[in-house]
Amino acid sequence: MKTIFDNAMVACYPGSGSHYVKHVDNPNRDGRCITAIYYLNLNWDVQQSGGLLRIFPEGCNDRVADIEPAFDRILFFWSDRRNPHEVQPAHRTRYAITLWYLDAEERESARLRYQRDCESRFSA
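Residues numbered from 1 in each chain as written. Predicted model: local features only at pLDDT ≥ 70, side-chain atom pairs only at ≥ 80, totals over all residues. Heavy atoms only, no water.

Under the annotation held in an unreviewed UniProt entry, the protein chain carries the name hypoxia-inducible factor-proline dioxygenase and is attributed to Culex quinquefasciatus. One UniProt comment on the protein chain, placed under Catalytic activity (unreviewed entry), says "L-prolyl-[hypoxia-inducible factor alpha subunit] + 2-oxoglutarate + O2 = trans-4-hydroxy-L-prolyl-[hypoxia-inducible factor alpha subunit] + succinate + CO2". (UniProt positions renumbered as here; feature names shortened; annotations may be inferred.)

Written as structure tokens, this is what we have:
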């Protein structure tokens, strides 16, 4: 498998209960295979500040993985349906940088699929 990087996403949750609902990064085979998140939150106290990343690993119906967004922590997980995840409410500003490792072949197939879909919409 040849891998490439996608653009980085810098996330800033402003606090006040901001969160991100449960989702999968790559539900439609768009090429993203591994999600990498790097946290930039100095002196993070999850009891006061919240903002946990909760992962719901496939096949573990009664278990979750709760990851504190602590400074200088990096996390890797599969981007597909194996790892639905959410950001729980944050009560202070929370920062993270996310990168995706891409499967080059899957990404190219997704690009061609998107191109065909666009062409068929506009040629009708």
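On we go.
K.L.:
What's the story with the pairing of strand β8 (residues 85-90) in this structure? I'm lost.
P.N.:
As a general feature of sheets, a regular strand has side chains that alternate between the two faces. Of all the six residues making up β8, five are buried; the element is thus mostly covered by neighbouring parts of the structure. Looking at chain direction, strand β3 (residues 18-23) and β8 are connected through three bridges and run antiparallel. The residue of β8 that forms the bridge with H23 is H85. (Buried < 20%, exposed > 50% of the residue type's maximum accessible area, 1.4 Å probe, protein only. Helix = DSSP H or I, 4+ residues; strand = E, 2+ residues; numbered from the N terminus. Pairing = 2+ DSSP bridges.)

K.L.:
Is there a simple way to explain the pattern of salt bridges in this structure?
P.N.:
Once their charged atoms are close, side chains differing in charge can pair, the charge on each being opposite to the other. Applying the stated rule across the entire model yields five salt bridges. Here R54 ties to D66 by a salt bridge, and the two come within 2.6 Å at their closest N and O atoms. Of this pair, R54 sits in strand β5 (residues 53-55) while D66 sits in strand β6 (residues 65-67), and the two are 12 residues apart along the sequence. A relative accessible area of 22% places R54 in the partly exposed class. For D66, a relative accessible area of 38% puts it in the partly exposed group. Salt-bridge contacts for R82 lead to D80; the nearest nitrogen and oxygen are separated by 2.9 Å. Taking relative accessible area as the criterion, R82 reaches 32% and is therefore assigned partly exposed. Judged by relative accessible area, which is 25%, D80 ranks as partly exposed. (Salt bridge = Lys/Arg side-chain N within 4 Å of Asp/Glu carboxyl O.)

K.L.:
Before we go on, may I ask you to explain the side chain of S18 in this structure?
P.N.:
As for its position among the elements, S18 is in strand β3. Leave out the neighbours within four places in its chain, and S18 touches Y13, Q88, P89 and A90. (Contact = heavy atoms within 4.5 Å.)

K.L.:
Even after reading the chapter, I still don't get the nonpolar core, so can you show me in this structure?
P.N.:
For soluble globular proteins, nonpolar side chains are generally found buried alongside one another. Counting residues in hydrophobic clusters, the biggest one holds 11 residues: A11, Y13, I37, Y39, L53, I55, I67, L75, F77, V87 and A96. Those elements that place two or more of their residues in this core are β2 (9-13), β4 (32-39), β5 and β7 (74-78). Excluding its chain neighbours within four sequence positions, the residues that come into contact with Y13 are S18, H19, Y20, V87, R92, T93 and R94. (Core = buried A, V, L, I, M, F, W, Y, C linked by side-chain atoms within 4.5 Å.)

K.L.:
Can you help me understand the environment of G31 in this one?
P.N.:
Assignment of secondary structure puts G31 in the loop between β3 and β4. Owing to a relative accessible area of 0%, G31 belongs among the buried residues under this scheme.

K.L.:
What am I meant to see in the layout of surface pockets here?
P.N.:
Over the atoms, a rolled probe matching the size of one water molecule traces out where space is still vacant. In this model, the largest pocket occupies a volume close to 240 Å³. M9, Y13, H23, H85 and T98 are, among the 17 residues lining the largest pocket, the residues nearest its centre. Looking at the lining of the largest pocket, the elements that each hand over two or more residues are β2, β3, β4, β8 and β9 (94-103). Tallied by class, residues from the lining of the largest pocket come to 10 nonpolar, four polar and three charged. Computed from the structure, the second largest pocket encloses a volume of approximately 170 Å³. Contributing to the lining of the second largest pocket are 14 residues, with N26, R29, R32, D80 and E106 lying nearest its centre. (1 Å grid on protein atoms, 1.4 Å probe; cavity = no way out; pocket = protein on both sides within 12 Å on 5 of 7 lines; lining within 4 Å. Points joined across faces, edges and corners; volume = space filled by probe spheres on them. Nonpolar A, V, L, I, M, F, W, Y, C, P; charged D, E, K, R; others polar.)

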